[in-house]
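Commentary on secondary and tertiary structure
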Protein chains: 4
Amino acid sequence: MSYAKQMLDTYPRDFNLDAQVLAAAIDALADCAQACTACADDCLSEEQVAELVKCIRLCLDCADVCTATLRVLSRQTGYDANVTRPVLEACVAACTSCGDECERHAQMHAHCRVCAEACRRCDQACTQLLAAIS
Amino acid sequence: MSYAKQMLDTYPRDFNLDAQVLAAAIDALADCAQACTACADDCLSEEQVAELVKCIRLCLDCADVCTATLRVLSRQTGYDANVTRPVLEACVAACTSCGDECERHAQMHAHCRVCAEACRRCDQACTQLLAAIS
Amino acid sequence: MSYAKQMLDTYPRDFNLDAQVLAAAIDALADCAQACTACADDCLSEEQVAELVKCIRLCLDCADVCTATLRVLSRQTGYDANVTRPVLEACVAACTSCGDECERHAQMHAHCRVCAEACRRCDQACTQLLAAIS
Amino acid sequence: MSYAKQMLDTYPRDFNLDAQVLAAAIDALADCAQACTACADDCLSEEQVAELVKCIRLCLDCADVCTATLRVLSRQTGYDANVTRPVLEACVAACTSCGDECERHAQMHAHCRVCAEACRRCDQACTQLLAAIS
């Protein structure tokens, strides 16, 4: 069982979201933040770095947005859907843009293929959580 | 002149946003992220910490969202309004919720008054930037 | 296989550290950053929050230091041991202090027990990586 | 007066560090984190991006370490010198490496000159704070 799920299981009060869906989103966000940080760095090491500039930028953005979203979702106390919902929407937008761009380079660069997969899984997990909120 | 403005002035290409409005937003985000981090900590030091639990939580969220937004806005290369816009909207939402909550404690706790002010200024700066984008 | 390991396996060049040890550290850092963020929040929800103030503070510090360390370690390009080493040392220090404090509350609060375990595992993984560097 | 100083002035208890020196470090860290984030992006926009790969990487590391350090220093509650000291040492190391690398490109790229200056000022402010701690 992931630490995210263990931490939810030991939360001292009830909370507003389904624990399985929430833990899945937290785990997918951690994977995506790490993959995007690494993919930006991998792109920097490619000879064709000049062609990967947009990919690097979107990976850096996606890593930052996923990290913030992961932290907001890791908190249940004083839950405020007015914050959680737009944060998740911003995260879905970042994962979509970054996943699209990485996919364009997936055949040429294996790290972009793996990163695109992490972005798609994160996008889906956040979308599923958004559906559970609204 | 702030470092944000100096960095924009030395950017090697043209970019899509007004430098004054953008630098003002970046500076307000840095102030708000710091004030929220400190206010959460100040609340932890209050004897009535149990009454400030929601305030602490919203300050932590707001600090995380402002930090991510500050980083996204500090990048001009490969600009993607589909990411920048929802990130700014999430930030406005976080600043509004946090500013409202801090304001409720502003008369009792000076740090909440200062933090509420930082949230309001950040909210305005991001809203102004959003207007320039759409 | 974790995304950290997959990303290392698709890195386009050789790099300076053992991939297994490095991936283990990255995964442990992600777990610890999340567990500490959640544990700080769990503590906020406890009736005895006033007794958990030091625990909350150290959890917040540990989450921030682990997140920065995770990002530094996720980059291989332009590797600089003069940065990586002190960053890992700071992370070990944060995990030790936070793990010690969480352990003091482990019998009373299950989330502190789980978080202490995440801190210890991260401490060990970073210490092992440090040994491989120096 | 900066928000960092205002937040320190409204902290409800006594704390362990000189408020002027501490506020100066927090402000320098915020400037350095932002300048490094922007400089990494500026480098990405240069035609000679391939020659700036090490600079980009060190700027990203420095931004992450400064952000974590800024947050640790913004907390006074439950102060633990065993965490604060190595975190500051790691930050000085990151600012030194990044400042040295940016300085090598300062004549060619104005953004590297501004960023090197932000790194040097941050390095000094953190070194001064370290002296006040030990």
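Read on for an overview of the structure. Note that the coordinates shown come from a computational prediction; the quantities given were computed from them, not determined experimentally. The residue numbering used here restarts from 1 in each chain and proceeds along that chain's sequence as written. Working convention: letters from A go to chains and numbers from 1 go to ligands, in the order in which they are written. Selection of residues for local features in this predicted model requires a pLDDT of at least 70, selection of side-chain atom pairs for listing and counting requires 80 or more, and totals for whole chains, interfaces and linings are taken over all residues. Hydrogens are left out, water is left out, and the side-chain values use all remaining heavy atoms of the structure.

1. Considering the relation of the copies chain D and chain B
Alignment of the copies relies on least squares applied to C-alpha atoms, considering only residues that score at least 70 for pLDDT in both. The transformation that overlays chain D on chain B combines an axial shift of 0.0 Å with a rotation of 180°, and the residual RMSD is 0.0 Å. In short, the pair behaves as if placed about a two-fold rotation axis. Among all residues of chain D, the minimum C-alpha distance to the rotation axis is found for Ala30(D), at 3.3 Å. In this assembly the copies share their binding face: 100% of the residues contributing to the interface of chain D also contribute to that of chain B. Two residues qualify as a contact provided that any one of their heavy atoms is within 4.5 Å of a heavy atom in the partner residue.

2. Things to note about the interface of chain D and chain C
Contacts between chain D and chain C engage 25 residues on the former and 25 residues on the latter. By buried area we mean how much accessible surface two parts lose on assembly, using a 1.4 Å probe and totalling the loss over both. Three residues stand out in chain D for area buried against chain C, namely Arg57(D), Asp64(D) and Arg75(D), and they jointly supply 27% of the buried area on that side. Any carboxyl oxygen of Asp or Glu within 4 Å of a side-chain nitrogen of Lys or Arg constitutes a salt bridge here. Our count for the contact surface shared by chain D and chain C stands at 6 salt bridges. A salt bridge links Arg75(D) to Asp64(C); its shortest N-O distance comes to 2.8 Å. Under this definition, polar contacts are N or O atom pairs within 3.5 Å; protein pairs additionally need one hydrogen-donor-capable and one acceptor-capable atom, and for neighbouring residues in sequence, both atoms have to be side-chain atoms. Put simply, chain D and chain C have 16 residue pairs in polar contact (both at pLDDT 80 or more) between them. Helical segments are the DSSP runs of H or I of at least four residues, strand segments are the runs of E of at least two, and each set is numbered from the N terminus. Of all the elements in the fold, those that place two or more residues in the side of chain D that touches chain C are helix H3 (53-73) and helix H4 (81-104) of chain D. Looking at which element gives the most residues to the side of chain D that touches chain C, the answer is H3(D), with 11 residues.

3. Side note on the interface of chain D and chain B
Every contact between the two is made by 36 residues of chain D and, on the other side, 36 residues of chain B. Buried surface at the junction of chain D and chain B, both sides included, amounts to about 3,300 Å², of which 55% is carbon and sulfur. If you look at where chain D meets chain B, you find 2 salt bridges. A salt bridge links Asp64(B) to Arg71(D); its shortest N-O distance comes to 2.7 Å. Remark: the boundary between chain D and chain B carries 23 residue pairs in polar contact (both at pLDDT 80 or more). In terms of residue class, the side of chain D that touches chain B is made up of 16 nonpolar, 10 polar and 10 charged. When residue character is reported, Ala, Val, Leu, Ile, Met, Phe, Trp, Tyr, Cys and Pro are called nonpolar, Asp, Glu, Lys and Arg charged, and the others, Gly included, polar.

4. Some points on the side chain of Arg57(A)
You can see Arg57(A) is positioned in helix H3 (residues 53-73). In this structure the side chain of Arg57(A) is engaged in a polar contact, spanning 2.9 Å, whose partner is the backbone oxygen of Thr77(B). Residues contacting Arg57(A), with those up to four places away along its chain left out, are Val72(B), Arg75(B), Gln76(B), Thr77(B), Gly78(B), Tyr79(B), Asp41(D) and Leu44(D).

5. Things to note about the relation of the copies chain D and chain C
Rotating chain D by 180° about the axis while translating it 0.0 Å along that axis superimposes it on chain C, leaving an RMSD of 0.0 Å. Of the interface residues in chain D, 100% have counterparts in chain C that sit at the interface too, so the contact is made through matching surfaces.

6. So, the pattern of salt bridges
Under the definition given, this model contains 36 salt bridges over all chains. With a closest N to O distance of 2.6 Å, Arg75(A) and Asp61(B) form a salt bridge. You can see Arg75(A) sitting in the loop between H3 and helix H4 (81-104) and its partner Asp61(B) sitting in helix H3 (residues 53-73), one on each of two chains. In this structure, a network of salt bridges that share partners links the residues Arg57(A), Asp61(A), Asp64(A), Arg71(B), Arg75(B), Arg71(C), Arg75(C), Arg57(D), Asp61(D) and Asp64(D).

7. Considerations on empty space enclosed by the protein
Site definitions follow a grid-based scheme: protein atoms alone, a 1 Å grid, a 1.4 Å probe that fits but cannot get out for cavities, and for pockets an open set with protein on both sides within 12 Å along at least five of seven lines, plus lining residues having an atom within 4 Å of a point. Grid points are joined across faces, edges and corners, and a volume is the space filled by probe spheres set on the points. Under the criterion given, the structure shown has 11 cavities of 30 Å³ or more. Approximately 220 Å³ is the volume attributed to the largest cavity. Taken together, 16 residues make up the lining of the largest cavity; nearest its centre are Thr67(A), Thr67(B), Thr67(C), Thr67(D) and Arg71(D). Contributions of two or more residues to the lining of the largest cavity are made by H3 of chain A, H3 of chain B, helix H3 (53-73) of chain C together with H3 of chain D.

8. Some points on the packing of H3(B) against helix H5 (residues 110-133) of chain B
All names here are of chain B. Running from N to C, H3 and H5 cross one another at 35°; their axes reach a closest spacing of 12 Å. Here the hand of the crossing between H3 and H5 comes out left-handed. Between H3, through Cys55, Cys59, Cys62, Cys66 and Leu73, and H5, the contact on the second element is made entirely by Cys112, Cys115, Cys119, Cys122 and Leu129. Taken together, the residues of the contact of H3 with H5 break down into 10 nonpolar, no polar and no charged. Here an angle of 0 to 180 degrees is reported between the N-to-C directions of two axes, which are lines fitted to C-alpha atoms, with helices fitted over the stretch in contact. Definitions for this section: a left-handed crossing has its near helix turned counterclockwise from the far helix by less than a right angle. A right-handed crossing has that turn clockwise.

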